Each structure stands twice: as C-alpha cells, then as structure tokens.
Amino acid sequence: MKTERIHLRRWQESDAEALFKYASDPDIGPRAGWPPHQSVEDSQKVIRNFFSNDATWAIVLNETNEPIGCVGYLTQAISNIPIGENDCEVGYWIGKPYWNKGICTEALRLLLDYCVNTMHFENVWADYFTGNPASGRVMQKCGFHDTGKLHRCNNLVGGDKDMVHIYKLDIFIQ
C-alpha cells in the first residue's frame, strides 16, 4: 500500500529505535490510549507483542524509509467499542513532527481501501478521545460520520476517565 509520500509495511524488530523516537513523546500515546514508551526495549516488546500481526502496519516515509507512525484495524473480538461480527475498528497515530501534514489521512485512506476491498468488512468504525478532535478531522476527511455516540474504553490508558466519540465509515458498494 503506497502513495507518493508514504507506504505501509509490516513492523520489524529493527524498527524499535524509530518507534521509540516517536512513541516516547508524552503527547502521542495518551491521545491514542497507551502509555509513552520508556525505552527502546519497550518499543521492541510492543513490536513483538502488539504490532506483529496481519492487521497492523508501520507508516513509512518513502523519502527516508523511516517508520513515523502506525495504522491498523481491530476485529470484534479485540475492538475497543461495540461492533458487529463482520466489522472492524481502525486506529492510527503519527509522530508529532508529521502532525497537520495530511499523512495520517493518506495512511488511513490506504487502510480503508484494504479493509473494504480486500477484507470486505461490512462496517468500519473509528473512535477518538474527546480531547483529540484532530483525530476526528482525519476521520471526516476519509468519509466517516459522527454517530453521536460516546463510549468509555476502560482498557485504554485514560479510557476510564475520558469518553471516545464513535465514528462510522459510509461505505458505498457499487
């Protein structure tokens, strides 16, 4: 999956230093529901235990070949929100130097094409903490609409205090 600026690829353990560079920023993880990484070893464990699967990709700059963020989907069994059996929930984050450059929107569009046209999910959902409206704007740019529902995600860091807005993708089957 590729655009002019980025491509998505599977995470590799050799990406741990690049992951730590961005995931250690205290402004990144808590917005997505996870604690900032404390060491390169933490990042290696995250790659090994959470990112090494068929539903998670590194967002990589074509120019430098450096991973700068992450995008992926969750099925009903592991979703943070109530979704249907043939649905998925998408999520993403990107390093602060790349905020407000349209890169998350590009990455999410690539993922959505995969979720709809390859995986054939019936519905695609997303959510963001109420204190992170920029994430909601990315969703809107990609065709999601606000369902008007809020949900508490106790399994996410901060999810016991802050609610998430639930969005749904408008899928048009031709």
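Since the model is a prediction, treat every value here as computed from it, not as a measurement. (Residues numbered from 1 in each chain as written. Predicted model: local features only at pLDDT ≥ 70, side-chain atom pairs only at ≥ 80, totals over all residues. Heavy atoms only, no water.)

Participant: Please set out helix H3 (residues 40-51) residue by residue, giving values where relevant.
Facilitator: Turning to H3, its buried residues number three or more, namely Ser43, Val46, Ile47 and Phe51. Buried positions in H3, seen along its axis, are confined to an arc of 100° and lie on one side of it. (Buried < 20%, exposed > 50% of the residue type's maximum accessible area, 1.4 Å probe, protein only. Helix = DSSP H or I, 4+ residues; strand = E, 2+ residues; numbered from the N terminus. Arc of directions from axis to C-beta.)

Participant: Would you mind going over the packing of helix H1 (residues 16-23) against H3 in detail, with residue names and values included?
Facilitator: Two elements in contact, H1 and H3, have axes whose closest approach is 8 Å; the angle formed by their N-to-C orientations is 105°. Between H1 and H3, the angle is such that the two are roughly perpendicular. Touching Ala16, Glu17, Leu19 and Phe20 of H1 are Val40, Ser43, Gln44, Val46, Ile47 and Phe51, all from H3. Partitioned by chemical class, the residues of the contact of H1 with H3 number seven nonpolar, two polar and one charged. (Axes fitted to C-alpha atoms, helices over the stretch in contact; angles between N-to-C directions. Parallel < 35°, antiparallel > 145°, perpendicular 65-115°, else oblique. Contact = heavy atoms within 4.5 Å. Nonpolar A, V, L, I, M, F, W, Y, C, P; charged D, E, K, R; others polar.)

Participant: Hey, could you go over the sheet that holds strand E2 (residues 56-61) for me, with residue numbers and the actual values?
Facilitator: Here seven strands make up an open sheet; going across it, the order is E1-E2-E3-E4-E5-E7-E6 and the pairing mixed. Each edge of the sheet is formed by a strand with only one pairing partner; in this case those strands are strand E1 (6-9) and strand E6 (144-152). Neighbour-to-neighbour, the strand axes of this sheet turn through a mean angle of 30°, independent of strand direction. Sheet topology note: the E1/E2 ladder contains four bridges and is antiparallel. Residue pairing across strands places Leu8 opposite Ile59, the latter belonging to E2. Taken strand by strand, helix H4 (residues 103-117) contacts E1, E2, strand E3 (67-75), strand E4 (87-94), strand E5 (123-129), E6 and strand E7 (163-169), and its axis lies near 160° from that of E4. Set on the sheet, helix H5 (residues 133-141) makes contact with E4, E5, E6 and E7; between it and E5 the angle comes to about 160°. (Pairing = 2+ DSSP bridges.)

Participant: Please provide a residue-by-residue account of the pairing of E4, values included.
Facilitator: Within E4, seven of the eight residues are buried, which leaves it mostly tucked inside the rest of the structure. Here seven bridges tie E3 to E4, and the two strands are oriented antiparallel to one another. Note that in E4 the partner of Cys70 across the bridge is Trp93. Direction of pairing for E4 relative to E5: parallel, over a ladder of four bridges. The residue of E5 that forms the bridge with Asp87 is Asn123. Note that the unit made of E4, H4 and E5 has a crossover that is right-handed. (Right-handed = clockwise from strand over helix to strand, strands pointing away.)

Participant: Just give me the short version of the nonpolar core, but keep the residues and values in it.
Facilitator: Among the nonpolar cores identified, the biggest contains 48 residues, and Tyr73, Val90, Trp93, Leu108, Val124 and Phe144 are the most heavily contacted of them. In terms of residue count, H4 provides more of this core than any other element does, ten residues in total. If we ignore the near neighbours within four places in the chain, the residues touching Leu108 are Val90, Tyr92, Val138, Met139, Cys142 and Phe144. Counting residues in hydrophobic clusters, the runner-up holds seven residues, among them Ile81, Ile83, Phe129 and Val164. (Core = buried A, V, L, I, M, F, W, Y, C linked by side-chain atoms within 4.5 Å.)

Participant: For the packing of aromatic side chains, give the residues involved together with the corresponding values.
Facilitator: In total, this model carries eight aromatic pairs according to the counting rule given. Plain terms: the ring middles of Trp57 and Tyr73 are 6.3 Å apart, the flat faces sit at 40° to each other, and that makes the pair tilted. Taken together, the residues Trp57 in strand E2 and Tyr73 in strand E3 connect sequence positions 16 residues apart. With respect to burial, Trp57 and Tyr73 carry one shared label: buried. (Phe/Tyr/Trp six-rings, centres within 6.5 Å; stacked < 30°, edge-to-face > 60°.)

These figures come from the coordinates and say nothing about function on their own.
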